[in-house]
2 protein chains.
Amino acid sequence: MRALQAALDGRWAHVREAARTQLGGGHFVAVPGETLDQARARITRLLRELPADPGVAAGFPAEYGGRSDPGGSVVAAEMLAQLDLSLMVKAGVQWGLFGGAVVALGTRAHHDAYLRDIISADLLGCFAMTETGHGSDVQQLRTTCEYDPLTQTFDLHTPHEAARKDYIGNAARDGRMAVVFAQLITGGRRYGVHAWLVPIRDQHGNPLPGVSIGDDGSKAGLLGVDNGRLCFDHVTVPRDMLLDRYGQVAPDGTYTSSIENDTRRFFTMLGTLVRGRVVVGGSASAAAKSALTIAVRYGETRRQFTAPGEQREVALNDYLAHQRTLLTALAKTYALHFAQDELVAALHEVQTADGPVDERRQRELESRAAGLKAAQTWHATATIQACREACGGAGYLAENRLPGLKADTDVFTTFEGDNTVLLQLVAKGLLTGYRDAFGSLDGWGRATFVAEQVRAMVLERTAARTLIQRLVDAVPGRDEEVVLTDRGWHLALFEDREKHLLDGAIRRLRKGAAAKKDRPFDIFNDVQDHVLETAGAHIDRVILEAFVAGIDRTTDPAAKALLSKVCDLYALSTIEAHKGWLLEHQRLTPARSKAVTAKVNDLLKHLRPGLPTLVAAFAIPDEWLNAAILREEPARQTIMATHDDEPLEPATATAMEVAPAQ
Amino acid sequence: MRALQAALDGRWAHVREAARTQLGGGHFVAVPGETLDQARARITRLLRELPADPGVAAGFPAEYGGRSDPGGSVVAAEMLAQLDLSLMVKAGVQWGLFGGAVVALGTRAHHDAYLRDIISADLLGCFAMTETGHGSDVQQLRTTCEYDPLTQTFDLHTPHEAARKDYIGNAARDGRMAVVFAQLITGGRRYGVHAWLVPIRDQHGNPLPGVSIGDDGSKAGLLGVDNGRLCFDHVTVPRDMLLDRYGQVAPDGTYTSSIENDTRRFFTMLGTLVRGRVVVGGSASAAAKSALTIAVRYGETRRQFTAPGEQREVALNDYLAHQRTLLTALAKTYALHFAQDELVAALHEVQTADGPVDERRQRELESRAAGLKAAQTWHATATIQACREACGGAGYLAENRLPGLKADTDVFTTFEGDNTVLLQLVAKGLLTGYRDAFGSLDGWGRATFVAEQVRAMVLERTAARTLIQRLVDAVPGRDEEVVLTDRGWHLALFEDREKHLLDGAIRRLRKGAAAKKDRPFDIFNDVQDHVLETAGAHIDRVILEAFVAGIDRTTDPAAKALLSKVCDLYALSTIEAHKGWLLEHQRLTPARSKAVTAKVNDLLKHLRPGLPTLVAAFAIPDEWLNAAILREEPARQTIMATHDDEPLEPATATAMEVAPAQ
């Protein structure tokens with residue numbers, strides 16, 4: 001359905017269409033079964049062959065060859081993710097992390113000197129932040145970079161093994177330079193983490209003096225990305241290689257910055273790099289769409305058993321259990337698509353706005369990016385796994401793509417921020433309120449004193465505010481009177497759950513604070529599960545509101561009607577998933593809870609004929625899907641014909657199947 | 001704790017100990033990053049180097065060089081699974097599926113001619129049952145084998161592409177012979193699926209005339225196993241190559257069998273091959289133990305953040321969210337271990353019993369094997385994923401083993417029976433009762449008329465019958481009065497849930513049958529989710545009862561006490577997972593449901609110090625774990641020392657972590 005695809009393609013439809021045509025055919029698609037070296041060589045080659053426009057580099061300033069289109073660059077990355085996740089990550093490292101850091105943290109001199117070569121991929125680089133011993137606690141990085149006024153240079157040093165930079169893309173093979181994050185020291189005082197542009201290899205590709213480079217070697221997936229390790233043994237870095245937009249060191253060593261507080265400065269710097277997280281979330285969903293397209297199309301043609309005593313063909317997609325897995329995952333994928341769309345738009349507005357950064361919107365963007373990254377990557381991991389299993393043994397063969405999608409996306413749940421840590425970021429935003437996000441960064445103890453600021457914030461709509469308010473207001477008083485598909489009821493219930501969880505978390509944190517003033521870690525840790533559930537509930541609401549807003553934007557009546565049914569399924573299957581909590585807190589009666597389950601099954605039956613349409617609307621080219629079982633579709637069809645000519649015994653095997661373990 | 005390990009090692013402790021010593025060192029361990037050819041060559045070599053005794057071949061009759069020890073052969077396979085899953089599967093294909101079929105379906109002539117070479121691995125073979133188009137519906141295989149009295153030979157033929165044998169281990173590279181399953185036709189009549197011993201390659205390894213062999217190529221994992229495809233173009237098979245224990249064809253083509261009914265005969269033949277399913281379930285749990293050992297030991301030494309405002313070190317394992325993931329998975333792994341132990345013992349008794357097969361016990365064994373295979377393989381997939389994520393970026397590197405464990409075990413959920421299909425087998429057993437398992441194999445419609453036979457069966461205890469009855473009887477009337485850790489209450493609640501679900505399923509099936517007599521598929525499909533949930537509830541009870549029985553067998557007081565706490569955690573976290581249903585059906589009050597969650601958190605706190613002991617009791621040699629992050633443990637320790645010497649800002653980064661996406 002053309003109109004449905006249009007609704008999904010959204011604001012950057014031209015970028016999506018350009019990718020489908022410019023990157024069409026088999027040239028760029030993932031190749032299963034490659035060795036590490038083969039994969040790395042191919043991806044490095046393809047990186048340079050990628051069309052510049054529209055592309056991942058679209059986010060760079062127009063004056064250097066970009067298009068000043070951050071939103072378009074994210075969408076372009078999502079398209080690459082459907083093609084080959086190694087290619088997407090390689091491009092993300094080069095243009096998003098490395099190039100993005102030079103743009104965001106550097107100043108004109110750095111831009112003039114390097115951006116053109118970075119955009120053209122003549123200069124390949126690394127983003128060297130993570131350390132082996134400090135993945136999540138980046139503010140406490142151990143690498144130091146101390147200024148010496150006599151030589152007017154910095155001394156970059158790795159004090160011990162746990163401080164080595166690790167998992168760094170472009171490091172093991174291709175990187176010539178790296179943006180290295182380290183503790184800035186000058187005049188004997190530390191000013192927190194800053195970034196330097198540091199050459200790591202000469203033109204022949206040999207490590208420069210003092211730089212030792214290791215290889216992370218084989219990984220679960222993403223073989224095309226050359227992740228490695230960097231250690232610095234008192235490496236001399238010229239003063240002007242400090243990316244000094246947020247902090248400057250004068251020749252005499254005097255430190256200056258427009259941001260007084262070290263912590264605040266550090267998180268302001270990190271905030272400018274939020275795009276990477278938006279790309280990872282969107283790419284995870286892009287991969288989930290590929291997996292769902294493969295599994296749904298396979299499930300349409302694959303017959304497992306013949307209906308007992310009937311001549312009717314039964315496709316895998318006809319089984320309720322199959323629909324419970326694939327259709328509900330598909331509904332959530334649709335919901336996440338609209339949430340991602342809205343996030344990309346928000347990112348675009350913030351990063352293209354003139355004048356000073358609106359700090360509140362920036363914080364909101366960071367929180368939204370964190371939450372949706374966690375939601376989308378966990379959803380992708382679960383969905384791709386379900387699709388793999390839905391294709392049985394065929395889903396285990398590399399030729400059917402699913403193993404690659406699974407292995408490549410697996411790391412997404414823990415990079416660009418470990419999902420659990422990111423959910424805590426979201427919860428923290430809710431607990432302390434954006435307004436005082438900076439001031440309150442002194443551990444969880446503090447969270448217990450800001451309860452008052454919370455409610456207003458939580459009540460705030462995240463999308464289509466007036467429409468959603470109208471829907472919520474229209475809900476009659478007693479739940480029992482409301483039909484299960486009432487959108488206002490869904491919205492109110494999601495919001496109510498979030499508020500109640502948040503109130504409870506605040507109450508428990510305050511109680512804990514009173515009891516264990518001296519042990520802030522325990523105060524937080526005792527309620528960590530509750531806090532994480534609160535963040536999850538908030539994200540659920542953000543996603544539902546985005547879906548509702550997306551449907552509201554859709555003009556085609558048929559597409560709108562179908563999307564509305566999909567939204568019913570997303571909302572009710574989410575409610576069903578949380579029925580334990582909702583019953584515990586009397587938000588659902590036992591009878592209504594059972595009715596929700598019945599309604600979900602009912603919706604599955606109604607949506608089942610639309611399954612092929614729903615995946616077709618993702619408009620993923622067949623060459624990109626690159627799955628042998630789809631190429632076999634016609635063959636299967638004829639087979640099924642013969643299948644049904646024969647008189648068959650009833651589906652006895654339903655209960656006695658034995659695909660051998662080999 | 002030595003006594004804890006003894007409780008886990010159980011009846012076949014000598015087999016486990018022998019494996020730990022005979023297969024010690026690094027010689028047999030999995031090698032990450034191999035190419036397909038390297039992996040296949042290494043595994044084929046190692047297969048022949050495996051010590052014969054005790055080994056996977058222990059199940060063969062003593063007169064041919066085995067030990068007539070089926071239980072021991074399963075445990076030996078579980079140990080191989082901890083070493084290298086490719087090696088386990090390769091051994092399982094050779095000695096379990098191929099050799100096992102020759103033993104179970106063949107007669108003395110076949111045994112005398114081939115068993116010794118099969119045991120010595122001089123004759124490598126395949127188990128060719130699954131077809132591309134018919135993975136689960138094995139009774140409807142399309143391959144035919146028709147007898148011709150003139151030539152006194154069979155004609156083995158693959159009628160069309162969907163009938164090609166697929167995913168066949170040992171086919172792509174090593175197999176010289178195959179046990180091929182096909183429809184037996186003689187005198188113009190079909191007698192259902194039988195098996196033949198068919199040479200597929202000559203001594204030079206070339207395919208024999210009429211046999212075409214394909215390669216399944218690269219897979220998500222298990223690269224060491226050469227899965228392939230077999231097609232037969234009117235291949236001539238001598239009459240005496242029919243494995244004729246259950247069905248014989250005389251020279252003149254007359255068919256005879258001790259079992260009249262074709263369906264019943266077929267499932268009797270399948271029943272003799274149940275061991276493969278028991279091995280896969282146990283191997284999945286073995287891999288989950290390896291993953292948990294790696295993640296828990298890493299979580300003991302890895303510090304993520306320093307406790308705000310404290311000098312105290314915080315290890316990953318100190319976080320409630322981390323415990324919620326790893327400790328609950330560990331508790332279920334313990335529960336499954338005892339359930340698997342009991343299953344292996346049951347298998348051993350049935351397969352070593354003299355005289356005619358006790359059909360009821362055989363059916364019970366098949367149902368138990370199916371249910372525990374599904375439970376263990378899904379648990380392994382989820383647990384290994386959680387362990388991967390718990391190790392962050394390090395968990396994505398091949399050098400840390402988790403990627404290999406994940407990729408290799410992934411297929412377990414869909415081979416040796418797709419888990420969903422297996423759960424239906426379990427449900428079917430409950431619905432129809434073992435007594436009439438055969439007669440009722442005519443589709444789900446029939447299930448609605450046998451409700452009467454059900455209750456007695458469901459009530460039946462699966463382990464330690466008298467002890468469990470005593471515990472259940474001791475539960476006071478009103479739940480509210482019962483402490484949450486009352487084992488009798490756990491047992492009664494698990495059993496109650498199973499019974500209620502089963503009653504409901506029967507009621508709904510009967511109603512459906514009345515309404516849609518003509519459409520048996522819909523009758524079943526409309527309640528498929530309910531039926532699968534019923535099977536799950538049954539398996540939950542089986543597992544809990546086995547855990548209780550295992551604790552009862554444990555004599556050491558300290559080990560017994562620790563196991564009892566772990567059982568509390570398993571029972572209560574399972575109840576928590578099903579709280580939605582329990583609240584819907586008033587089995588829990590909202591207040592008690594919340595109390596269950598609080599109690600789970602409380603148990604996690606109490607068990608946290610025991611975490612290292614609980615994984616140490618698996619007694620997996622370090623060389624087998626083969627994870628670089630564990631070898632780095634001492635290094636980390638010292639790093640952490642320096643870590644804490646420095647004055648640190650509070651754990652602000654808890655909320656702002658950014659491991660870059662590369």
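Residues numbered from 1 in each chain as written. Chains lettered and ligands numbered in written order. Predicted model: local features only at pLDDT ≥ 70, side-chain atom pairs only at ≥ 80, totals over all residues. Heavy atoms only, no water.

Engineer: Is there a simple way to explain the overall build of chain A in this structure?
Structural biologist: Within chain A, the regular secondary structure consists of 24 helices and 11 strands. Looking at chain A as a whole, 68% of its 662 residues qualify as buried. Long-range pairs, those at least 24 residues apart, make up 74% of the contacts in chain A between residues at least 6 apart in sequence. (Helix = DSSP H or I, 4+ residues; strand = E, 2+ residues; numbered from the N terminus. Buried < 20%, exposed > 50% of the residue type's maximum accessible area, 1.4 Å probe, protein only. Contact = heavy atoms within 4.5 Å.)

Engineer: Quick question: what am I supposed to make of the side chain of His379(B) here?
Structural biologist: Residues and elements named next belong to chain B. Topologically, His 379 is positioned in helix 10 (residues 359-390). For His 379, a relative accessible area of 9% translates into the label buried. Here His 379 is in contact with Ala 329, Lys 332, Thr 333 and Leu 336, once residues within four sequence places are set aside.

Engineer: Looking at this model, I keep getting lost on the sheet that holds strand 7 (residues 211-215) of chain B. Mind explaining?
Structural biologist: Sheet strands associate in pairs through backbone hydrogen bonding, adopting either a parallel or an antiparallel arrangement. All names here are of chain B. Strands sit in the order 4-8-7 across an open sheet of three strands; the sheet is antiparallel. Because the sheet does not close on itself, it has two edges, and the strands there are strand 4 (165-168) and strand 7. If you compare each strand with its neighbour and ignore which way they point, the axes differ by 25 degrees on average. Relative to strand 8 (residues 228-232), strand 7 runs antiparallel, the two sharing five bridges. Each bridged residue has a counterpart across the sheet, and for Val 211 the counterpart in strand 8 is Phe 232. (Pairing = 2+ DSSP bridges. Axes fitted to C-alpha atoms, helices over the stretch in contact; angles between N-to-C directions.)

Engineer: Quick question: what am I supposed to make of the packing of aromatic side chains here?
Structural biologist: In this description, an aromatic ring pair is defined by two values, namely the gap between the centres and the angle between the planes. Residues and elements named next belong to chain A. Counting across every chain of the model gives 20 aromatic pairs over all chains. On the numbers, 5.4 Å between centres and 20 degrees between planes, the contact of Phe 338 with Phe 547 is stacked. Highlighted residues: Phe 338 in helix 9 (residues 320-352) and Phe 547 in helix 17 (residues 528-553), separated in sequence by 209 residues. The exposure class assigned to Phe 547 is buried, which follows from its relative accessible area of 0%. The rings of Tyr 147, Phe 154 and Trp 196 are connected pair by pair, giving a single aromatic cluster. Over the aromatic face of Tyr 191 sits the side chain of Arg 189, whose NZ or CZ is 4.3 Å from the ring centroid. (Phe/Tyr/Trp six-rings, centres within 6.5 Å; stacked < 30°, edge-to-face > 60°. Lys NZ or Arg CZ within 6 Å of the ring centre and 35° of its normal.)

Engineer: Sorry if this is basic, but what is going on with the environment of Ala250(A) here?
Structural biologist: Turning to its location among the elements, Ala250(A) is positioned in the loop between strand 10 (248-249) and strand 11 (255-256). Considering only alpha carbons, one finds Ala250(A) and Gln152(A), 98 residues apart in sequence, at a separation of 9.0 Å.

Engineer: How should I be thinking about helix 17 (residues 528-553) of chain B in this particular structure?
Structural biologist: Turn by turn, an α-helix covers 3.6 residues, leaving residues three or four places apart pointing in a common direction. Between its terminal C-alpha atoms helix 17 of chain B stretches 38 Å, which fits the 38 Å expected from 26 residues at 1.5 Å a residue. Extensive coverage of helix 17 of chain B is indicated by the burial of 22 of its 26 residues. (Expected span 1.5 Å × (residues − 1).)

Engineer: So what exactly am I meant to see when it comes to the domain arrangement of chain A here?
Structural biologist: For interface size, the figure often reported is the accessible area lost on association. Residue and element names in this part refer to chain A. Split into domains, chain A comes out as domain 1 (2-124), domain 2 (126-261) and domain 3 (275-448 + 485-616). Placing a centre on the C-alpha atoms of domain 1 and another on those of domain 2 gives a separation of 25 Å. Taken together, the contacts link 26 residues of domain 1 with 31 residues of domain 2. In total, about 2,400 Å² of surface goes out of reach between domain 1 and domain 2, with carbon and sulfur atoms giving 65% of it. Considering only the side of domain 1, the residues that lose the most area to domain 2 are Arg 40, Leu 105 and Leu 124, jointly responsible for 27% of the buried surface there. (Domains from an automatic or database assignment. Buried area = accessible area lost by both parts, 1.4 Å probe.)

Engineer: What's the story with the sheet that holds strand 4 (residues 165-168) of chain A in this structure? I'm lost.
Structural biologist: Residue and element names in this part refer to chain A. With antiparallel pairing, three strands are arranged side by side in an open sheet as 4-8-7. Strand pairing shows two members of the sheet lacking a second neighbour, strand 4 and strand 7 (211-215), which therefore form its edges. Each adjacent strand pair in this sheet contributes to an overall mean axis angle of 25 degrees, direction not counted.

Engineer: Before we go on, may I ask you to explain the pattern of salt bridges in this structure?
Structural biologist: Two side chains that carry opposite charge are able to pair once their charged atoms sit near each other. Per the counting criterion, the structure on display carries 88 salt bridges over all chains. A salt bridge links Glu161(B) to Arg164(B); its shortest N-O distance comes to 3.3 Å. Classification of Arg164(B) as buried rests on a relative accessible area of 9%. Here Glu366(B) and Arg363(B) are joined by a salt bridge, their closest N and O atoms 3.0 Å apart. Within this pair, Glu366(B) and its partner Arg363(B) are both found in helix 10, separated by three residues, close to a single helical turn. Per residue, the accessibility class of Glu366(B) equals that of Arg363(B), and both read buried. Via salt bridges that share partners, Glu161(A), Arg164(A), Asp166(A), Asp216(A), Arg229(A) and Glu399(B) belong to a single interconnected network. (Salt bridge = Lys/Arg side-chain N within 4 Å of Asp/Glu carboxyl O.)

Engineer: In this structure, what is going on with the side chain of Asp262(A)? I would like to understand it.
Structural biologist: Within the secondary structure, Asp262(A) sits in helix 7 (residues 262-271). Within the structure, the side chain of Asp262(A) is placed 3.1 Å from the side chain of Arg265(A), a separation counted as a polar contact. (Polar contact = N/O pair within 3.5 Å; in protein donor to acceptor, adjacent residues only side chain to side chain.)

Engineer: Explain the environment of Pro621(A) to me, please; I cannot follow it from the model alone.
Structural biologist: Among the structural elements, Pro621(A) can be located in the loop between helix 21 (611-616) and helix 22 (622-625). Each C-alpha atom, one on Pro621(A) and one on Gly25(A), is 8.4 Å from the other, the two residues being 596 residues apart in sequence.

Engineer: Would you explain the packing of helix 9 of chain A against helix 20 (residues 590-607) of chain A in this entry?
Structural biologist: Two measures define how a pair of helices packs: the angle their axes make with one another and the distance between the axes. All names here are of chain A. Look at helix 9 against helix 20: their axes get within 10 Å of each other, and the N-to-C directions meet at 85 degrees. As summarised for this structure, helix 9 and helix 20 are arranged roughly perpendicular, according to the angle between their axes. Contact residues: Leu 320, Gln 323, Arg 324, Leu 327 and Thr 328 in helix 9; Thr 597, Val 600, Asn 601, Leu 604, Lys 605 and Leu 607 in helix 20. Residue classes in the contact of helix 9 with helix 20 are distributed as five nonpolar, four polar and two charged. (Parallel < 35°, antiparallel > 145°, perpendicular 65-115°, else oblique. Nonpolar A, V, L, I, M, F, W, Y, C, P; charged D, E, K, R; others polar.)

Engineer: For this particular structure, what's the right way to read the nonpolar core?
Structural biologist: One recurring pattern in soluble globular proteins: nonpolar side chains tend to sit buried together. Core analysis: the biggest nonpolar cluster contains 412 residues, and Tyr334(A) and Tyr334(B) have the highest contact counts within it. Every residue in contact with Tyr334(A), bar those within four places of it in the chain, is listed here: Leu4(A), Leu8(A), Phe547(A), Leu563(A), Val566(A), Leu614(A), Ala617(A) and Phe618(A). (Core = buried A, V, L, I, M, F, W, Y, C linked by side-chain atoms within 4.5 Å.)

Engineer: Help me out: how do you make sense of the packing of helix 15 (residues 487-515) of chain A against helix 17 of chain A in this one?
Structural biologist: All names here are of chain A. Where helix 15 meets helix 17, the closest approach of the two axes is 9 Å, and the angle between their N-to-C directions is 155 degrees. Comparing their axes, helix 17 and helix 15 come out roughly antiparallel. The handedness of the crossing between helix 15 and helix 17 is left-handed. Residues Arg 487, His 490, Leu 491, Phe 494, Glu 495, Arg 497, Glu 498, Leu 501, Leu 502, Gly 504, Ala 505 and Arg 508 of helix 15 form the contact with helix 17, whose participating residues are His 530, Glu 533, Thr 534, Ala 537, His 538, Asp 540, Arg 541, Leu 544, Glu 545 and Val 548. The residue inventory of the contact of helix 15 with helix 17, partitioned by class, reads eight nonpolar, five polar and nine charged. (Left-handed = near helix turned anticlockwise from the far one by under 90°.)

Engineer: So what exactly am I meant to see when it comes to the state of the cysteines here?
Structural biologist: Such a bond, covalent and formed between the sulfur atoms of two cysteines, is termed a disulfide. All names here are of chain A. If you walk through the whole model with that rule in mind, you get zero disulfides over all chains. The cysteine Cys 231 is free of any disulfide, with Cys 126 supplying the nearest cysteine sulfur at 13 Å. By relative accessible area, which is 23% here, Cys 231 ends up partly exposed. (Disulfide = S-S within 2.5 Å.)

Engineer: What is the right way to look at the pairing of strand 6 (residues 189-199) of chain A in this model?
Structural biologist: Within a regular beta strand, the side chains point alternately toward one face of the sheet and then the other, so they alternate between its two faces. All names here are of chain A. Summarising burial for strand 6: eight of the 11 residues are buried, a large majority. Sheet analysis places strand 5 (residues 177-186) next to strand 6, joined by nine bridges and oriented antiparallel. Each residue of the ladder has a partner; that of Val 179, found in strand 6, is Leu 197.

Engineer: Just to check I follow, could you spell out unusual backbone geometry for this structure?
Structural biologist: Trans peptide bonds make up the majority, and among non-glycine residues the majority have a negative phi. Phi at Leu222(A) takes a positive value of approximately 50 degrees, unusual for a residue other than glycine. Relative to the helices and strands, Leu222(A) resides in the loop between strand 7 and strand 8 (228-232). The phi dihedral of His234(B) falls on the positive side, at around 45 degrees, and the residue is not glycine. Within the element layout of this structure, His234(B) appears in the loop between strand 8 and strand 9 (235-238).

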